[in-house]
Amino acid sequence: MRYILLLIPFFAFANVTSELVTGADRKLFSYTQVCEFFGVKDALLASKESSSKIDCMGKSFEISNFCEKKYTGNLNYTKARFDLVDGKIACHFSDTVILELACKGKYSKFCKNTNESCNELKSEFAHSLDLSTSMILEIYPPRLKCFFQSKSKIPNSANL
């Protein structure tokens, strides 16, 4: 089984201190493919507008909407991100996602209701997975820990 630990400053939740993913895979798409999906044909000018949006000839689209629509019904789809190395858009898939978020400052509210907080994080990190467990680690600062898992195994990459 594959394990990947990502320590990345996330745009939406800067206090997410770790993301552990098992059974990870991804599918890459060119900016042109994504623009065409949204109905912008022959997009000569396509670029990254923000950390979550693509600009297709002056029209703005959320990349998460692309992956969510493309993989509707896939129980392993977790998130959409720009792949800066390949210059493409990546739709990510995994069997499990374990998140840890430091509850301090403006993020203190996340330690008040663990299930609600984990479900808020789900849309950014574990879209189609189910929340299986949530807890508070009683260290300083307290940390919210969320465990998400899929009900199915990731299909072979050729089938994505």
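Scroll up to find the structure this text is about.
My aim in this report is to walk through the structure given alongside it, one point at a time.

Here is what the cut-offs are and how they apply
Every chain is numbered on its own, with residues counted from 1 as its sequence reads. Residues qualify for local features only when their pLDDT is at least 70, as the model is predicted, and side-chain atom pairs are given and counted only at 80 or more; totals for whole chains, interfaces and linings, by contrast, use all residues. Hydrogens are left out, water is left out, and the side-chain values use all remaining heavy atoms of the structure. Paired strands, as defined in this entry, are two strands with at least two bridges between them according to DSSP. The way it works is that DSSP assigns letters per residue, a run of H or I at least four long becomes a helix, a run of E at least two long becomes a strand, and they are numbered from the N terminus. Only the stretch in contact is used when fitting a helix axis, every axis being a line fitted to C-alpha atoms; angles between N-to-C directions are given from 0 to 180 degrees. Residue contacts are counted whenever heavy atoms from the two residues lie within 4.5 Å of one another. Exposure classes here rest on a 1.4 Å probe applied to the protein chains alone. A residue is buried below 20% of its type maximum, exposed above 50%, and partly exposed in between.

Overall, antiparallel pairing links the three strands, which are arranged 4-5-6 in an open sheet. Single-partner strands in this sheet number two, and they are strand 4 (46–48) and strand 6 (59–62). Within this sheet the neighbouring strands show an average axis-to-axis angle of 25°, counted without direction. Of the pairings in the sheet, the one linking strand 5 (residues 53–56) to strand 6 comprises four bridges and is antiparallel in character. Looking across to strand 6, one finds that Ile54 is bridged to Phe61. Seen against the sheet, helix 2 (residues 63–70) touches strand 5 and strand 6 and runs at an angle of roughly 55° to strand 6.

Bringing the environment of Phe37 into the picture now. Mapping Phe37 onto the fold places it in helix 1 (residues 31–37). On the accessibility criterion, Phe37 (37% relative accessible area) is partly exposed. The spacing of Phe37 and Phe66 is 29 residues in sequence and 7.5 Å in space, taken between C-alpha atoms. Beyond its immediate chain neighbours, meaning those up to four positions away, Phe37 contacts Phe66, Lys69 and Lys70.

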